Every structure is written in C-alpha cells, then in structure tokens.
Amino acid sequence: MSITTRQRRSIAPTSGDALPPRAPGRDRPGPSAQSSTWSEEAEKGGGSLDWKIPFVALAFLRYMSATSNIIHDCDETFNYWEPLHYLLYRSGFQTWEYSSEFALRSYLYILFQALVAAPASFLFGDDKVRVFYAVRLFLGLISTASDTVLIVALSRRYGRRIASYTLAMLCLTSGCFFASTSFLPSSLSMYAVTLSSALFLLEKYGMAVSVAAAGVILGWPFSVLVALPITFYSLKRRLKEVFLAASMTSIIALILSVLTDHHYYGRWTSSVINLLAYNVLGGGESHLYGTEGLFFYLRNGFNNFNLCFVLALLFLGILPIARKKFAPDLLIVVSPLYIWLVFMSLQPHKEERFLYPIYPLICIAAAAVIESFPDLFRRRYVTTDSPIVMAAKILRPLVLSLILCASHSRTFSLLNGYSAPLEIYKHLSLHEDAGEGSILCVGSEWHRFPSSFFVPSYISDVRWIDDGFRGLLPIPFNSTLGGTAAAPPYFNNKNMASEKQYLRDTEACTFLVELELKRPYPSRGSDLSKWEVLAAIHYLDRELSSPLYRSFFIPYMWQRNVFGLYKLLKRIPNPETTSQVWSTVEE
C-alpha cells in the first residue's frame, strides 16, 4: 500500500490508539505530523498493548533469570555481594576499592539491596543461599517494572507491532536475560535508562530526567553520557519543570550518597567523585584491569544479541525512513546507543558489563528496523504494494524468530557450560559433619567464587592458596582495623599482590575447590591419597573448545566441546597426624 493511499484512509481510533495529548506549542508540527502518518500502518494492527501481557511475560523470564543466572564477572561478587554479606553477617571479602583510603564504591547502592536482603536474612536464618536469590528476585522485579513501562510507552506512541518486537527481544535476548538480574551498578543504570526512555516517550519530561539523574548518582556515574540526549531535549521542551525536578533529585541523591559514605568510610568523602577522579582525571590506573582491543564491544554485542545487534547498528542506515516515522522522540531515545559504543570502545579498560546501560536501546533500535522492512521497498506514488514489499512483511517475523532462536541457543550454552561454580558450592551444606572451624581453600578459581552467601556457617574461613596469580586479591574485612572504615596497609591501587592474601600452610585446608582441566600438569586434587572428591560437575573448557560450538548451543555439535570437572574435595585425615594428636591427648 502506498503512502498516498494510507493518507486517504480514515481510521477510527479506539481508546488504546490515541496518543498521549501533546502540549500546544511544545513540539514542531512538521516531524509530529510525519510521525503520525508513517506510524498508521503500525497502529492498524490493533490498539496499544495493555500492561498486563508485557508484565507477565517479563516477570516469567526475569524469574527464570534470577533462579538460573550465573555470575559473569568477579567484580559482581567481590565489589557487591561480599560487602552486602559483611553488612548482614559481619564477614566477607573486601577489595581495595572499599578501603577508606580510596573509597571508590558507594555503600548507598549496597543499602538499596539490603532493603530486601536484611528482612530475608531474618526470615531464612542460616540459609544464606535463599537470601542471595531473594535479592536476585528483587532485581528481576525492578527490571520487569521498568521494561513494562517502556513497552507500554512504545505501544502508545508507535503502535503494537514495534512494541511487541521490543518485548520479545527484552525477554529472550541473552544480554537482557543475564543483565536484568546481575547485582551491578551498570544494571541499575540499565533500569534507569529504560524507565527514563519510557517516561520521555510518554512526555513526562521532568520525571524522565529525574530518573536518569538518580541512575547516574546511585548507579554508575559514567552512564551520564547515555542520559544526555533525553536531558537536553527535555530541557528544551520544558526548561523550568525539568531543571527543578532534575536539580532536586540530583541534590537529594548526592546528599544521601555523601552521608552514607561518611557513615561507612568513617570520613567525609564522595565515592561518586572518587570514581570519576580515578578513571577520568588521572587519579588511578584503570588500564591495569581488563584491557581489550577496539572491536571488543562489537564482538561482545554480537555474542549477546546476535542479529539483533547488527540490526540495531543498521538503524543509522534507515534514517531517511526513521526521521519520517519516529522523529524526533525515538531518534533521541536511541541515539545514546552510538554515543556509548564509540566512547567505550576508545577506553582501554573494557568489560562486558559496561554495555548494560544501552541493552534496552539495542532492542528498540532493532525492533524499529524490523518494523520498517516494508518501507525500504515501498515507492511513494504506487497505490498497491509490490511483491517485494509483501515479501518484506513476511520477512519481519522470520527475522525476529531467527533472533530469538539464536538468543535461546546462546543462553542455553552459557547456563549449561558455566553454571558449575554456583552449583558446586551448594554441596558444602551437605557436609556439616566436617565440624565447626573448617577452612575452605580456593586456588586459581578465586575469580569464580560465587560469594560468601554460598558458604555455610560451620566454615570459619575462606582462604586463597597461591597458584601463580600475582595481582592483588580481595582480603576479608578486618573488624579490628575498623571494618568498613579501615584503610588496610596491604591494599593499593596498582594491582600489586599482598603477602597477606595467600594461605601459606595448605595443610590447614579442610575443603578445596578447583577446576580440573585436560592439561599436561597435575592439579592439587589429583592426589587421591590426600583428597576425597565430594562432588564434580562438568565445566566447559573455553580454550580447547571451538568458538562456534561453545558460543551457541547447536544440537549434536555442542557436545563436541571439551569439558573439565569443577570439583569440591575434602582432605583425607593423615594417620600420622591423627596418632600424634591422640598421643598428646593421652599425655
């Protein structure tokens, strides 16, 4: 159907079809009129989506994520789960970022999760694993709520089709599935970007910028770049309202942040300013950690979003169409995707979690491209759709299905290949007969330690043993030095190892966790005269497996990957040591 024919058609709007009322004089009539004309085809498939269907679909997928998600980054464990565990149980690992000398991390973000974790710890008692999953369910609920508002906003502004495509990708793409329940400030920034974008589309400009400001201060300060386009355009439309709302939100959030930092660090400081100084003003050595090449995020984006990521990048290629269908608001919402990708790709320190704030924007951009397939082949003055336009319409569900199938394949591969660390630590609760004061030792697998929430109370200590790592490791919070207010001398911001981080007497280990891979050298636990295997779970060997086989689950091909064994071992008592102990008792 041509544009001319669509303009002549009269469509009686239902209550769901009506767009939110526009304030007179606020928007330019040209783009608005064009957007209305071009969006009629999207709207003719029915009214806007009701919030119930997106909420139920998202809640189900976020529940699955909360209960099955792995921990993708040791930063999540040591910089967020461990401080939370310390606040609840007075034990846990401390990183140099939480030293009072550096104070790079905000305890206000930790307290936000403690709103759920504290009551859960009281309710479940010693069952700390349930507390862990209670926090994850809380994160999944926040993600569900923010995503639902975004879907409803897209539906009201641009029709049911683009909203449905976005919903499908928010639910099933691997990136959104994993990021939605990760205990990371970048995930909080993702929730804020999602909700802020939705409020902007609903023309709630003051609320949109306020939410973005809260996400920047309470979550991740660098996500301010993602919030800039919405902030500038909101100020342009309603300067006084937006400025007052954003200013009040920012001031309140900063005051709460500083007061919280003062309480826990024992001195007046701001973790927000400290973090910016460390990374931007030359105050630290961020390039010492996780440096990657220029195209790291392009590869990472494809792994987590497959064809969805490619289509999102191609959104720039359909700008002539997008400016008529979606201008200006959707272009403003999507624009941070490219700003963020360019900025982060130029930084030497790269991590997968740094892309989390733009994950919902990837889904929106890809959905807009898929929805616009027929418009790429439609000619302006032809009254009937050509066969190629009809084929483009059929192509839309086929491409979406391909994206969702590839996403499910990626998610299934990661969950089945790398879930062993979380599962193996749960076996510790089955061996309380080891007695109080047991020591759990971890060697080269320290970076996959899932957190102290998986360590039962009968284990008095978790210690690292030297397997060759020469960087600085987390060390337990020291209450005698002041706990959270301590500035331990063994911490530094140069990633230099401390003498205190390793347990030298490995004979003191009661339990050992290690990964046994097919390598030419023996592992510690291979000596069965000293260690008894309590549990062993397959773990995908990334180095020896093909990238094609390991990246996506392909039936009959995924099994060709090489697997190691993630083991929990218990020390076998030495008869000589036992006899010496009994002789001492008899004397």
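See the structure above.
Residues numbered from 1 in each chain as written. Predicted model: local features only at pLDDT ≥ 70, side-chain atom pairs only at ≥ 80, totals over all residues. Heavy atoms only, no water.

**Q** What's the story with the packing of helix α5 (residues 74-89) against helix α6 (residues 107-124) in this structure? I'm lost.
**A** The description of two helices packed together rests on the angle between their axes and the distance between the axes. Between α5 and α6, whose axes approach to 9 Å, the crossing angle comes to 55°. Compared by their axis directions, α5 and α6 come out oblique. As α5 runs across α6, the sense of the crossing is right-handed. Contacts between α5 and α6 involve Asn79, Tyr80, Pro83, Leu84, Leu87, Leu88 and Tyr89 on the former and, on the latter, Tyr107, Tyr109, Ile110, Leu111, Gln113, Ala114, Ala117, Ala118 and Ser121. Tallied by class, the residues present in the contact of α5 with α6 amount to 13 nonpolar, three polar and no charged. (Axes fitted to C-alpha atoms, helices over the stretch in contact; angles between N-to-C directions. Helix = DSSP H or I, 4+ residues; strand = E, 2+ residues; numbered from the N terminus. Parallel < 35°, antiparallel > 145°, perpendicular 65-115°, else oblique. Left-handed = near helix turned anticlockwise from the far one by under 90°. Contact = heavy atoms within 4.5 Å. Nonpolar A, V, L, I, M, F, W, Y, C, P; charged D, E, K, R; others polar.)

**Q** Explain the environment of serine 91 here, please?
**A** Here serine 91 shows up in the loop between α5 and β1 (93-94). Each C-alpha atom of the pair serine 91 and aspartate 461 lies 9.3 Å from the other, and the pair is 370 residues apart in sequence. For serine 91, the residues in contact, after removing those within four places along its chain, are Glu82, His85 and Tyr86.

**Q** Can you walk me through empty space enclosed by the protein in this structure?
**A** If a probe as big as a water molecule is rolled over the atoms, it shows which places are left empty. Scanning the model with the defined rule gives four cavities of 30 Å³ or more in all. What the largest cavity holds in volume is close to 100 Å³. In terms of lining, the largest cavity is formed by 15 residues, of which the most central are Val193, Ser196, Ala212, Val226 and Ala227. The element contributing the most residues to the lining of the largest cavity is helix α10 (residues 185-201), with five residues. Grouping the amino acids of the lining of the largest cavity by side-chain chemistry returns ten nonpolar, five polar and no charged. (1 Å grid on protein atoms, 1.4 Å probe; cavity = no way out; pocket = protein on both sides within 12 Å on 5 of 7 lines; lining within 4 Å. Points joined across faces, edges and corners; volume = space filled by probe spheres on them.)

**Q** Got a minute to help me understand α10 in this structure?
**A** Residues lying three or four places apart along an α-helix face the same way, a consequence of the helix completing one turn every 3.6 residues. An ideal rise of 1.5 Å per residue puts 24 Å on 17 residues; α10 measures up with 24 Å between its terminal C-alpha atoms. Just beyond α10, the residue with positive phi is glutamate 203, at close to 65°. (Expected span 1.5 Å × (residues − 1).)

**Q** Explain the side chain of lysine 570 here, please?
**A** Inspection of the secondary structure assignment puts lysine 570 in strand β7 (residues 563-571). Despite its burial, lysine 570 pairs with no opposite charge; the closest candidate is aspartate 433, at 4.0 Å N-O. Beyond its immediate chain neighbours, meaning those up to four positions away, lysine 570 contacts Asp433, Ala434, Thr510, Phe511, Lys530, Trp531, Glu532 and Leu534. (Buried < 20%, exposed > 50% of the residue type's maximum accessible area, 1.4 Å probe, protein only. Lys, Arg positive; Asp, Glu negative; His and termini not counted. Salt bridge = Lys/Arg side-chain N within 4 Å of Asp/Glu carboxyl O.)

**Q** Before we go on, may I ask you to explain the packing of helix α8 (residues 160-172) against helix α21 (residues 387-418) in this structure?
**A** Put simply, α8 and α21 touch, their axes get as near as 9 Å, and they point 15° apart. It follows that α8 is roughly parallel to α21 by the angle criterion. Judged by the sense of rotation from one axis to the other, the crossing of α8 with α21 is right-handed. Side by side, α8 and α21 meet where Arg161, Tyr165, Ala168, Met169 and Leu172 of the first sit next to Arg396, Leu400, Ile403, Leu404, Ser407, His408 and Thr411 of the second. In the contact of α8 with α21, the residues fall into seven nonpolar, three polar and two charged.

**Q** Quick question: what am I supposed to make of the state of the cysteines here?
**A** A disulfide bridge is the covalent bond that connects two cysteines by way of their sulfur atoms. Using the criterion set out here, one finds one disulfide in the structure. The disulfide bridge from cysteine 441 ends at cysteine 509, spanning 1.9 Å between sulfur atoms. Residues cysteine 441 and cysteine 509 share a disulfide whose torsion about the S-S bond is about -90°; that sign makes it left-handed. Taken together, the residues span a long stretch of sequence, with cysteine 441 in strand β2 (residues 438-442) and cysteine 509 in the loop between β4 (475-476) and β5 (511-516) at a distance of 68 residues. Look at cysteine 441 and you get buried, because its relative accessible area is 0%. Of all cysteine sulfurs, the one in cysteine 363 lies closest to cysteine 176, which takes part in no disulfide; the gap is 3.8 Å. (Disulfide = S-S within 2.5 Å.)

**Q** Please explain the nonpolar core as it appears in this structure.
**A** Within the largest apolar cluster, 147 residues are counted, with the highest numbers of intra-cluster contacts made by Met169, Phe315, Leu337, Leu440 and Trp464. Dropping the residues within four chain positions of it, leucine 440 is found in contact with Tyr425, Leu428, Val455, Ile459, Asp461, Val462, Arg463, Phe511, Leu512 and Val513. Ranked by size, the runner-up nonpolar core spans eight residues in total, among them Ile439, Cys441, Leu503 and Leu512. (Core = buried A, V, L, I, M, F, W, Y, C linked by side-chain atoms within 4.5 Å.)

**Q** Whenever I open this one, a negative patch on the surface confuses me. Can you help?
**A** Judged by side-chain charge, Asp126, Glu432, Asp433 and Glu436 come together as a negatively charged surface patch. Looking at where aspartate 126 falls in the secondary structure, it is placed in the loop between α6 and α7 (128-158). Of the residues examined, aspartate 126 reaches a relative accessible area of 67% and is grouped as exposed. (Patch = residues over 30% accessible without salt bridge, like charges linked within 9 Å, V, L, I, M, F, W, Y side chains within 5 Å. Areas by Shrake-Rupley, 256 points an atom, 1.4 Å probe, with all protein chains shown as cover. Charge placed at Lys NZ, Arg CZ, Asp CG, Glu CD.)

**Q** How should the pattern of salt bridges be read in this particular structure?
**A** Side-chain pairs of opposite charge can arise whenever the charged atoms involved come near each other. Enumeration over the complete set of coordinates arrives at 23 salt bridges. The partner of lysine 52 in a salt bridge is aspartate 50, and the shortest N-O contact between them spans 3.3 Å. Residue classification places aspartate 50 among the partly exposed residues on the basis of a relative accessible area of 40%. Measuring nitrogen to oxygen at the nearest pair gives 2.8 Å for the salt bridge that ties aspartate 541 to arginine 519. Taken together, the positions of aspartate 541 in the loop between β6 (531-540) and α23 (547-551) and arginine 519 in the loop between β5 and β6 put the pair 22 residues apart, joining distant regions of the chain. What emerges from the salt-bridge pattern is a single network uniting Asp73, Asp75, Glu97, Arg105, Glu351 and Arg353.

**Q** Explain the sheet that holds β2 to me, please; I cannot follow it from the model alone.
**A** The strands making up a sheet associate through hydrogen bonds between their backbones, and the pairing can be parallel or antiparallel. Across the sheet, five strands lie side by side as β3-β2-β5-β7-β6; this open sheet has mixed pairing. Two strands lie at the open edges of the sheet, namely β3 (459-464) and β6, each paired on one side alone. Shown here is a sheet whose adjacent strand axes are inclined to one another by a mean of 20°, direction ignored. Two elements, β5 and β7, share six bridges in a ladder whose sense is antiparallel. Along β7, the bridge assignment pairs valine 513 with leucine 568. (Pairing = 2+ DSSP bridges.)

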